[in-house]
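Residue-level listing of the chains:
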Amino acid sequence: MARIGEAQRYTSETSIEVQINLDGSGITQIETGIGFFDHMLDGFARHGLFDLTVRADGDLQVDDHHTIEDTGIVLGQAIADAAGDKRGIARYGSRIIPMDESLVLCAVDLCGRPYLGWDAQFGAEKMGEMSTQMVREFFYAVSYSAMMNLHMKVLTPGNDHHMCEAMFKAFGKALDMAVTKDPRITDVLSTKGSI
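Calculation notes
Residues numbered from 1 in each chain as written. Predicted model: local features only at pLDDT ≥ 70, side-chain atom pairs only at ≥ 80, totals over all residues. Heavy atoms only, no water. Pairing = 2+ DSSP bridges. Helix = DSSP H or I, 4+ residues; strand = E, 2+ residues; numbered from the N terminus. Axes fitted to C-alpha atoms, helices over the stretch in contact; angles between N-to-C directions. Left-handed = near helix turned anticlockwise from the far one by under 90°. Contact = heavy atoms within 4.5 Å. Nonpolar A, V, L, I, M, F, W, Y, C, P; charged D, E, K, R; others polar. Expected span 1.5 Å × (residues − 1). Buried < 20%, exposed > 50% of the residue type's maximum accessible area, 1.4 Å probe, protein only. Polar contact = N/O pair within 3.5 Å; in protein donor to acceptor, adjacent residues only side chain to side chain. Salt bridge = Lys/Arg side-chain N within 4 Å of Asp/Glu carboxyl O.

(A) Molecular detail of the pairing of strand 10 (residues 149-156). Inspection of the sheet shows strand 6 (residues 102-109) paired to strand 10 by seven bridges, in the antiparallel sense. Across the sheet, Val 108 pairs through a bridge with Leu 150, a residue of strand 10. For strand 7 (residues 115-119) and strand 10, the ladder comprises five bridges, and the chain directions are parallel. The partner of Leu 116 across the bridge, within strand 10, is Leu 150.

(B) Looking closely at the packing of helix 1 (residues 35-48) against helix 4 (residues 160-179). Closest axis-to-axis distance for the helix 1/helix 4 pair is 7 Å, and the angle between their directions is 35°. Once helix 1 is placed against helix 4, the crossing between them reads as right-handed. Contact residues: helix 1 offers Phe 36, Phe 37, His 39, Met 40, Leu 41, Gly 43, Phe 44, His 47 and Gly 48, while helix 4 offers His 161, Cys 164, Glu 165, Phe 168, Lys 169, Phe 171, Gly 172, Lys 173, Leu 175 and Asp 176. Looking at side-chain class alone, the contact of helix 1 with helix 4 contains nine nonpolar, six polar and four charged residues.

(C) Representation of the sheet that holds strand 10 within the structure. Pairing is mixed in the open sheet, where four strands are placed in the order 5-6-10-7. Strand pairing shows two members of the sheet lacking a second neighbour, strand 5 (92-99) and strand 7, which therefore form its edges. In this sheet, neighbouring strand axes are inclined to one another by 10° on average, regardless of whether the strands run parallel or antiparallel. Looking at chain direction, strand 5 and strand 6 are connected through eight bridges and run antiparallel. Its bridge partner lying in strand 6, Met 99 is registered against Ser 102. Taken strand by strand, helix 3 (residues 133-146) contacts strand 7 and strand 10, and its axis lies near 155° from that of strand 7.

(D) Inspection of helix 4 at higher detail. If you check helix 4, its first and last C-alpha atoms are 29 Å apart, about what 20 residues at 1.5 Å a residue would give, namely 28 Å. With 16 of 20 residues buried, helix 4 is to be regarded as a mostly interior element. Measuring from the side-chain oxygen of the N-cap residue of helix 4 to the backbone nitrogen of His 161 gives 2.8 Å; that N-cap residue is Asn 159.

(E) A look at the pattern of salt bridges. Taken as a whole, this structure holds 11 salt bridges when the rule is applied. A salt bridge links Asp 109 to Arg 91; its shortest N-O distance comes to 2.7 Å. A residue pair is termed long-range when its members are at least 10 positions apart, and Asp 109 in strand 6 and Arg 91 in the loop between helix 2 (65-83) and strand 5 qualify at 18 residues. The same class applies to Asp 109 and to Arg 91, which are both buried. A salt bridge links Glu 165 to Lys 169, with the nearest nitrogen and oxygen atoms 2.9 Å apart. Of this pair, Glu 165 and Lys 169 both sit in helix 4, four residues apart, which is roughly one turn of the helix.

(F) Just the sheet that holds strand 3 (residues 28-31), in detail. Read across the sheet, four strands follow the order 1-2-4-3 without closing on themselves; strand pairing throughout is mixed. Two strands close off the open sheet at either side, each with one partner strand: strand 1 (4-10) and strand 3. The mean angle between the axes of side-by-side strands here comes to 5°, regardless of whether they run parallel or antiparallel. Judged from the four bridges that link them, strand 3 and strand 4 (residues 51-58) form a sheet pairing that is parallel. Bridging across to strand 4, Ile 30 finds its partner in Val 54. Here helix 1 sits on the sheet and contacts strand 2 (14-21), strand 3 and strand 4; the angle it forms with strand 3, its principal contact strand, is near 160°. The strands touched by helix 2 are strand 1, strand 2 and strand 4; relative to strand 1, the strand with the most contacts, the crossing angle is about 145°.

Structure, rendered in structure tokens:
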């Protein structure tokens, strides 16, 4: 059975709906109103081999903050929903991804404890219509709503677009590794007996 998670968030600032299939093939339908953000989410899903649907209607007349942050919250909730009780999964995942001159490390632990480790700096204020400040805010929102440890580190900086794209692709690959079923794991992978 495919592991499919769904979540929604409706506020006076945004209306967000997300569905993710952890056992998909990288099919996406993404509409956030922020072209560069759509491109990043598409890269995350395609390289993680997740089927991902995102529909976001936010107050973009203000700026991109609420739309991107709330999409991170809802995506994290959908990931947690799809992962379920986490029995039989690898739990940990990591990947180093190059994008031309840039090199990015992402590591994930689906441990039930939220934490974002971040080591990255951007040079410009925006990439397309997406604020570079919102890259960290997005990953922070995902890590806390999915209750995961998420570490993102730029090993070799370069072009902002390249660094950001490598981050989203590395996150997709690391998460795919973490949610992979291993027949040797019959319960949850923890000495505590629960995660």
